[in-house]
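Coordinate inspection notes
Here is what each chain is made of, one letter per residue.
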Amino acid sequence: MLNLIIFGAPGSGKGTQSDLLKEKYGLCHISTGDVLRAKIKSRTELGLKAESFISKGQLIPDSLMIDILAKVMSDQTDVQGFILDGFPRTLPQAEALKVVLEEKKMELSAVIALEVEEGELMQRLVKRGEVSGRADDNEEVIKSRLKVYHNQTFPLIDYYKQEGKYHGVKGEGSVQEIFGRITAEIDAL
Ligand code: AMP
């Protein structure tokens, strides 16, 4: 079983690369951002709560997010592995994931981290906002998302380095070039 985390700042290309990885390795792709956006669309109570955080570029509280992730993972049976995109984003989430995987007798194979310069991230996100229709892809909210990434998510890099799971990949260049770097890391596991 191949269980991956695709890690990186907003705009680093996690979603794009996940789509390719899912195809190549037959993985179940779980994007917590997509899960939340679907809940917002269906106007569930949880969706409305999530929307108030997402629209400000803030993170959904850990306890809520961990429950959602555990449920989504449990709903998937008979898969060859997972690719988690957008989770974990905090240390408590990383610890919770460890427990969820242990309970399922599964192991994390690798954290693939897309490394992209800050200026490039901002440019990509503003450009994406012109076509994505995502309410949080506007300059003000993007700034707050990048700040949240630095303060709350960045510490996970050291956490996963200590766990021996961290694989940094240069996230700049063409989609295929980056994909080639990622698959080289995975195939060497
Ligand atoms: P994304 O599509 O991954 O950029 O996520 C969009 C937004 O959803 C984020 O800015 C957060 O508000 C929320 N979100 C997604 N994943 C998480 C998570 N693991 N923890 C907390 N909030 C999250």
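Fair warning: this is a prediction, and the values are worked out from it, not measured in the lab.

**Remarks on the overall build of the protein**
Counting secondary structure elements, the protein contains nine helices and five strands. Element order for the protein, N to C, with α for helix and β for strand: β-α-β-α-α-α-β-α-β-α-α-α-β-α. Relative to the globule expectation of 16 Å for 189 residues, the C-alpha radius of gyration of the protein, 16 Å, shows essentially globular dimensions. For the protein, with 189 residues in total, the buried portion stands at 46%. For the protein, the exposed surface amounts to about 9,900 Å²; the carbon and sulfur share of it is 50%. In the protein, which carries 25 positive and 29 negative side-chain charges, the distance between the mean positions of the two groups comes to 3 Å.

**Concerning the sheet that holds strand β3 (residues 82–85)**
Read across the open sheet, the five strands follow the order β2-β3-β1-β4-β5; overall the sheet is parallel. Edge positions in the open sheet fall to β2 (28–31) and β5 (166–170), since each of these has one partner strand only. Strand-to-strand twist of the sheet, defined as the mean angle between neighbouring strand axes without regard to direction, takes the value 20 degrees. Pairing of strand β1 (residues 4–7) with β3, which is carried by three bridges, proceeds in the parallel orientation. Its bridge partner being in β3, isoleucine 5 is matched across the sheet by leucine 84.

**A word on the side chain of serine 12**
Within the secondary structure layout, serine 12 lies in the loop between β1 and α1 (14–25). A distance of 2.7 Å separates the side chain of serine 12 from the backbone oxygen of alanine 9, its partner in a polar contact. Setting aside residues no more than four positions away along its own chain, serine 12 makes contact with Leu114, Val116, Leu121, Arg124 and Gly171.

**Notes on unusual backbone geometry**
For the bond running from phenylalanine 87 to proline 88, omega is 0 degrees, close enough to zero to count as cis. As for its position among the elements, proline 88 is in the loop between β3 and α5 (91–103). Here arginine 43, not a glycine, exhibits a phi torsion of approximately 55 degrees, which is positive. Tracing the backbone through its elements, the reader meets arginine 43 in the loop between α2 (32–41) and α3 (45–54). Positive phi values are uncommon outside glycine, yet aspartate 78 reaches one of about 60 degrees.

**Observations regarding the site of the ligand**
Taken together, 16 residues are adjacent to the ligand, and Thr32, Gln58, Gly86, Arg89 and Gln93 come closest. Threonine 32 has a polar side-chain atom sitting 2.8 Å from a nitrogen atom of the ligand. Burial of the ligand by the protein chains amounts to 95% of its free accessible area of 480 Å². Among the elements that make up the shell around the ligand, the one with the highest residue count is α2 (four residues). Its residues placed into classes, the shell around the ligand shows six nonpolar, five polar and five charged.

**Re the pairing of β3**
Burial along β3 is two-sided: the face carrying Phe82 and Leu84 and the face carrying Ile83 and Asp85 are both buried. Here β2 pairs with β3 via four bridges, running parallel. Each bridged residue has a counterpart across the sheet, and for isoleucine 30 the counterpart in β3 is leucine 84.

Definitions and cut-offs
Residues numbered from 1 in each chain as written. Predicted model: local features only at pLDDT ≥ 70, side-chain atom pairs only at ≥ 80, totals over all residues. Heavy atoms only, no water. Helix = DSSP H or I, 4+ residues; strand = E, 2+ residues; numbered from the N terminus. Rg over C-alpha atoms; globule rule 2.2 N^0.38 Å. Buried < 20%, exposed > 50% of the residue type's maximum accessible area, 1.4 Å probe, protein only. Areas by Shrake-Rupley, 256 points an atom, 1.4 Å probe, with all protein chains shown as cover. Lys, Arg positive; Asp, Glu negative; His and termini not counted. Charge placed at Lys NZ, Arg CZ, Asp CG, Glu CD. Pairing = 2+ DSSP bridges. Axes fitted to C-alpha atoms, helices over the stretch in contact; angles between N-to-C directions. Polar contact = N/O pair within 3.5 Å; in protein donor to acceptor, adjacent residues only side chain to side chain. Contact = heavy atoms within 4.5 Å. Near = heavy atom within 4 Å. Nonpolar A, V, L, I, M, F, W, Y, C, P; charged D, E, K, R; others polar.

Nothing here speaks to function; it is geometry throughout.
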